[in-house]
Amino acid sequence: MTLFSATDPATPVARALVVTPVFDGALDGVPGAAVPGGDARLDEAVRLTRGIGVAVPHAETVALSGTKADSLFGRLGVERLGGLMEAFHADLLIVDHPLTPLQQRTLERGCLAKVVDRCTLILEALATQAADTETRMQADLAALQFQRGRSIRCWSHLADRREGLGFQTTLVGMPGDTLLESHRRRLTERIAGLKRALAELRRARTLQRAGRKAAGVPAIALVGYAGAGVASLCARLSNGAEARLPSGRTIDLAIGLPVLTDLPHSAITAFGATLDAVREADLVLHVRDPSDPNEAAHATSVEALLDQLGIGPADARRLEVWTKADRLETTAGAALALRLADREEGSVLVSARTGLGLDALAQRIDRRLGSWRPAALPAPVRADGPALA
């Protein structure tokens with residue numbers, strides 16, 4: 001059966017029911033319950049789902065007192081989800097929570113549809129948003145490693161673009177043991193090939209970074225929660241060319257792995273080259289979005305990743321950059337600017353869209369890199385030119 005988007009009837013798309021389980025004993029099994037944090041998680045899951053090209057006709061939170069080993073939601077919960085899948089003509093059930101292979105199988109059989117958990121959704125989002133060949137390869141590797149660890153065949157949107165094994169718009173039967181073994185062998189071969197290719201890229205990147213450091217070019221890494229505006233800020237700082245500070249010195253900009261809550265372990269291991277660039281950076285910009293109502297929780301996730309990389313809160317290389325200042329109300333923006341000013345060299349408020357604060361950020365970076373000296377005399381900087389070009 002071909003399914004269509006409500007906004008564009010001419011374009012066939014997959015349709016997904018998105019469900020975010022929130023654990024609260026007082027509201028056990030109540031769909032759409034107003035549980036603290038539930039709406040934010042649901043909004044993020046819907047955004048990630050739409051980001052991989054899947055329509056979302058319905059989404060809701062479901063409050064649970066605990067997990068059910070066989071299905072997460074229990075028998076009645078599975079029956080209800082099956083009814084919703086049929087009512088909204090959805091061919092995918094996206095559960096915004098990690099699922100065990102047994103839970104995934106039970107949900108697929110109960111809902112007669114493909115089931116995708118949060119880990120798979122995040123890996124799909126990383127693959128879809130990959131900006132270059134190396135990032136796509138790392139996303140591929142993370143997805144394949146995750147699939148190999150499952151006891152069922154995890155069809156992925158990622159594979160759909162390569163081998164026709166993507167999200168199914170019709171029900172598919174569970175693979176037999178022989179097919180499963182064959183699938184695992186193919187996964188192992190593809191993983192080995194990607195690891196070899198990424199190892200070569202990693203060695204080349206290491207030599208490149210060493211050469212730039214020898215030439216006196218400091219490395220700056222930008223890290224933030226997915227959606228915080230890291231890519232936009234990096235693009236604005238480089239302005240499509242080599243980034244240059246007010247002092248005239250050149251800097252090397254790199255974007256770290258987009259951080260998400262419950263980031264799969266396979267993603268962290270597969271994005272080793274990207275994380276190495278953050279770990280070895282001379283300055284790490286923690287990009288934060290003050291317009292996000294869940295910014296504090298998102299910042300905690302970023303802090304946890306930085307701690308894993310050995311870049312703790314007391315690390316002198318860290319600099320907080322609060323972006324999307326143009327989205328704040330005038331009073332809120334002024335209050336935040338004053339609060340950040342009290343932190344001296346610790347934080348700065350900017351807007352990648354309007355350019356607000358970018359000159360101050362460039363000057364702050366220059367001061368923090370004061371011990372660095374370019375290998376050659378810098379080119380003159382126009383007094384009326386941008387701080388970074």
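For clarity, every value in this text was computed on a predicted model and none was experimentally measured.

I'd like a description of the pairing of strand S4 (residues 114-117), backed by residues and values.
Covered by surrounding structure in S4 are Lys114 and Val116 together with Val115 and Asp117, the residues of both alternating faces. With 4 bridges joining them, strand S3 (residues 92-95) and S4 adopt parallel strand pairing. Bridge pairing in S4 links Leu93 to Val115. In this fold, the crossover linking S3 to S4 by way of helix H3 (residues 101-111) has right-handed handedness.

Describe the packing of helix H1 (residues 38-51) against helix H4 (residues 118-128), and please don't skip the residues or the numbers.
Axis separation between H1 and H4 bottoms out at 9 Å; the angle between their running directions is 45°. With respect to each other, H1 and H4 are oriented oblique. As for how H1 packs across H4, the hand of that crossing is left-handed. Residues Arg41, Glu44, Ala45, Leu48, Thr49 and Gly51 of H1 form the contact with H4, whose own contacting residues are Arg118, Leu121, Ile122, Ala125 and Thr128. Residue composition of the contact of H1 with H4, by class: 5 nonpolar, 3 polar and 3 charged.

With reference to specific residues and values, describe H3.
Gln103, Gln104, Leu107, Glu108 and Cys111 are the residues of H3 that are buried. Looking down the long axis of H3, one finds its buried residues gathered within 130° of arc, a one-sided arrangement. Lining the buried residues of H3 we find helix H2 (74-87), S3 and S4. Positioned one or two residues after H3, Leu112 has a phi angle of 55°, which is positive.

Hey, could you go over the packing of H2 against H3 for me, with residue numbers and the actual values?
Packed helix pairs are specified by the crossing angle of their axes together with the interaxial distance, meaning the distance between the axes. Close contact between H2 and H3 brings their axes to 8 Å; oriented N to C, the two are set at 50°. It follows from the interaxial angle that H2 and H3 lie oblique. The way H2 lies across H3 gives a crossing that is right-handed. Of the residues in H3, those touching H2 at Val78, Leu81, Gly82 and Met85 are Leu107, Gly110 and Cys111. Class assignment for the residues of the contact of H2 with H3 results in 5 nonpolar, 2 polar and no charged.

I'd like a rundown of the pattern of salt bridges, residues and numbers included.
Applying the stated criterion across every chain, the model contains 22 salt bridges. The salt bridge involving Asp262 is made with Arg118; its shortest N-O contact spans 3.9 Å. In this pair, Asp262 is assigned in the loop between strand S7 (250-255) and helix H9 (265-270) and Arg118 in helix H4, connecting sequence segments 144 residues apart. With a relative accessible area of 37%, Asp262 lands in the partly exposed category. Between Asp326 and Arg353 there is a salt bridge, with its nearest N and O atoms 3.0 Å apart. In this pair, Asp326 sits in the loop between strand S9 (318-322) and helix H12 (330-341) while Arg353 sits in the loop between strand S10 (347-349) and helix H13 (358-368), placing the two residues 27 residues apart along the sequence. When its relative accessible area of 64% is taken as the criterion, Arg353 is described as exposed.

Could you give me a rundown of unusual backbone geometry, with the residues and numbers involved?
You will see that Asp262, though not glycine, has its phi angle at about 60°, which is positive. In this structure, Lys324 takes a positive phi of about 60° despite not being glycine. When you line up the elements, Lys324 lands in the loop between S9 and H12. Its relative accessible area of 15% is what places Lys324 among the buried residues.

Rules behind the numbers
- Residues numbered from 1 in each chain as written.
- Predicted model: local features only at pLDDT ≥ 70, side-chain atom pairs only at ≥ 80, totals over all residues.
- Heavy atoms only, no water.
- Buried < 20%, exposed > 50% of the residue type's maximum accessible area, 1.4 Å probe, protein only.
- Helix = DSSP H or I, 4+ residues; strand = E, 2+ residues; numbered from the N terminus.
- Pairing = 2+ DSSP bridges.
- Right-handed = clockwise from strand over helix to strand, strands pointing away.
- Axes fitted to C-alpha atoms, helices over the stretch in contact; angles between N-to-C directions.
- Parallel < 35°, antiparallel > 145°, perpendicular 65-115°, else oblique.
- Left-handed = near helix turned anticlockwise from the far one by under 90°.
- Contact = heavy atoms within 4.5 Å.
- Nonpolar A, V, L, I, M, F, W, Y, C, P; charged D, E, K, R; others polar.
- Arc of directions from axis to C-beta.
- Salt bridge = Lys/Arg side-chain N within 4 Å of Asp/Glu carboxyl O.

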